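# Coordinate inspection notes
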Amino acid sequence: MPPVVRAAVLLMFAAFTLYSLGVWAVVLTRRLRPWHAGVFWTGFLLDTAGTELMRRLAGGFHWTLHTATGAAALLLMFTHALWATLVLIRRDERALRTFHRISLTVWTIWLIPFVTGLILGRRR
């Protein structure tokens with residue numbers, strides 16, 4: 001496996017691991033904490049870096065269902081991390097307790113391009 005491919009795969013799996021950890025920690029504790037937001041941001045940055053490496057390997061974006069869902073997932077991850085940060089800054093008690101409801105939805109949507117990427121990568 002070429003080093004760039006290996007780096008991209010490692011970044012994507014690190015993003016999956018961290019983002020999943022953050023989402024499931026929020027879901028299980030039912031309360032948003034500052035470290036969760038940090039993990040969301042880190043997962044987003046790792047996913048963005050991995051996506052950029054994959055884009056370069058593919059010679060640019062080729063609009064497919066995988067690309068469209070991947071772009072949507074990155075936008076959702078960014079929005080999710082930003083919203084988590086704003087909720088923590090505002091110290092909105094109700095939002096801190098209900099944040100987990102949207103987290104699982106965002107994570108589930110994010111899994112679509114992650115899994116399709118695994119499938120597409122295995123075919124090559």
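The residue numbers shown here count from 1 along each chain, following its written sequence. This being a predicted model, a pLDDT of at least 70 is required before a residue's local features are given, and a value of 80 or more before pairs of side-chain atoms are given or counted; all residues contribute to the totals for chains, interfaces and linings. Side-chain numbers come from the whole structure's heavy atoms, not from hydrogens or water.

## Details of the overall build of the protein chain
Basically, it comes down to this: The helix and strand labels rest on DSSP assignments: H or I over at least four residues marks a helix, E over at least two residues marks a strand, and numbering proceeds from the N terminus. Here the globule rule reads 2.2 Å times residues to the power 0.38, and the radius of gyration is calculated from C-alpha atoms. Think of it in three bands: with a 1.4 Å probe and only protein chains considered, a residue is buried below 20% of the maximum accessible area for its type, exposed above 50%, and partly exposed in between.
A tally of regular secondary structure across the protein chain gives 5 helices and 0 strands. Of the regular secondary structure in the protein chain, the N- to C-terminal order runs α-α-α-α-α. Relative to the compact-globule value of 14 Å for 124 residues, the protein chain shows a C-alpha radius of gyration of 15 Å, a close match. With the C-alpha coordinates aligned to their principal axes, the bounding extent of the protein chain is approximately 50 × 25 × 20 Å. Counting only residues that meet the buried cut, the protein chain has 35% of its 124 residues in that class.

## Section: the nonpolar core
The nonpolar side chains of a soluble globular protein tend to be buried, and buried together. Our working rule: What is meant by a nonpolar core is a set of buried Ala, Val, Leu, Ile, Met, Phe, Trp, Tyr and Cys residues, joined one to another through side-chain atoms within 4.5 Å. The criterion used for residue contact is that any of the two residues' heavy atoms lie within 4.5 Å.
Counting 24 residues, the largest nonpolar core has Tyr 19, Leu 32, Phe 40, Phe 99 and Trp 110 as its most contacted members. Mapped by element, the contributors of at least two residues to this core are helix H1 (3–29), helix H2 (34–58), helix H3 (65–90), helix H4 (93–98) and helix H5 (100–123). Sequence-distant contacts of Leu 32, defined by excluding residues within four places in its chain, comprise Val 26, Phe 40, Ala 84, Val 87, Leu 88, Leu 96 and Phe 99.

## Thoughts on the pattern of salt bridges
For the record, the criterion: When a carboxyl oxygen of Asp or Glu is within 4 Å of a side-chain nitrogen of Lys or Arg, the pair counts as a salt bridge.
For the structure on display, the rule yields 4 salt bridges. Glu 93 is the salt-bridge partner of Arg 31, the closest N and O atoms lying 2.4 Å from each other. Within this pair, whereas Arg 31 is found in the loop between H1 and H2, its partner Glu 93 is found in helix H4, the two being separated by 62 residues in sequence. It is possible to trace a salt-bridge network through shared partners that takes in Arg 31, Glu 93 and Arg 97.

## Remarks on H2
Selection rule: Residue count minus one, scaled by 1.5 Å, sets the expected span of a helix.
Between the first and last C-alpha of H2 there are 36 Å, a value that for 25 residues agrees with the 36 Å anticipated at 1.5 Å per step. Those residues of H2 that fall on the buried side of the exposure criterion are His 36, Ala 37, Val 39, Phe 40, Gly 43, Phe 44, Leu 46, Asp 47, Gly 50 and Thr 51. Once H2 ends, the next one or two residues include Gly 59, with phi positive near 80°.

## Let's talk about the side chain of His 100
By secondary structure assignment, the location of His 100 is in helix H5. Residues within four places of His 100 in sequence aside, it is in contact with Val 26, Val 27 and Arg 30.

## A closer look at the packing of aromatic side chains
Geometry of an aromatic ring pair is reported as the spacing of the ring centres plus the angle between the planes. This is how the line gets drawn: Centres within 6.5 Å make a pair out of two Phe, Tyr or Trp rings, where for Trp the six-membered ring is used; the pair is then stacked when the planes are under 30 degrees apart, edge-to-face when over 60, and tilted otherwise.
Summed over all chains, the structure comprises 12 aromatic pairs. Each ring, one from Phe 44 and one from Phe 78, has its centre 5.6 Å from the other, and the planes form 55°; the classification is tilted. Linking Phe 44 in helix H2 with Phe 78 in helix H3, this pair joins segments that are 34 residues apart in sequence. Judged by relative accessible area, Phe 44 falls into the buried class, the value being 13%. Residue class for Phe 78 comes out partly exposed when judged on its relative accessible area of 34%.

## Considering a nonpolar patch on the surface
Counted only if it meets this: Each patch is built from residues that are more than 30% exposed by relative accessible area and take part in no salt bridge. Like charges join if they lie within 9 Å; nonpolar side chains (Val, Leu, Ile, Met, Phe, Trp, Tyr) join within 5 Å. Methods summary: accessible areas were calculated by the Shrake-Rupley approach with a probe of 1.4 Å, and residue burial reflects only the protein chains presented.
A surface patch of nonpolar side chains, amounting to about 620 Å² of accessible area, comprises Leu 75, Phe 78, Leu 82, Trp 83, Leu 86, Ile 89 and Ile 102. Top element by residues in the nonpolar patch is H3. It accounts for 6 residues. Position of Leu 86 among the secondary structure elements: in helix H3. Since its relative accessible area comes to 33%, Leu 86 is described here as partly exposed.

Just distances and angles here, no functional claims.
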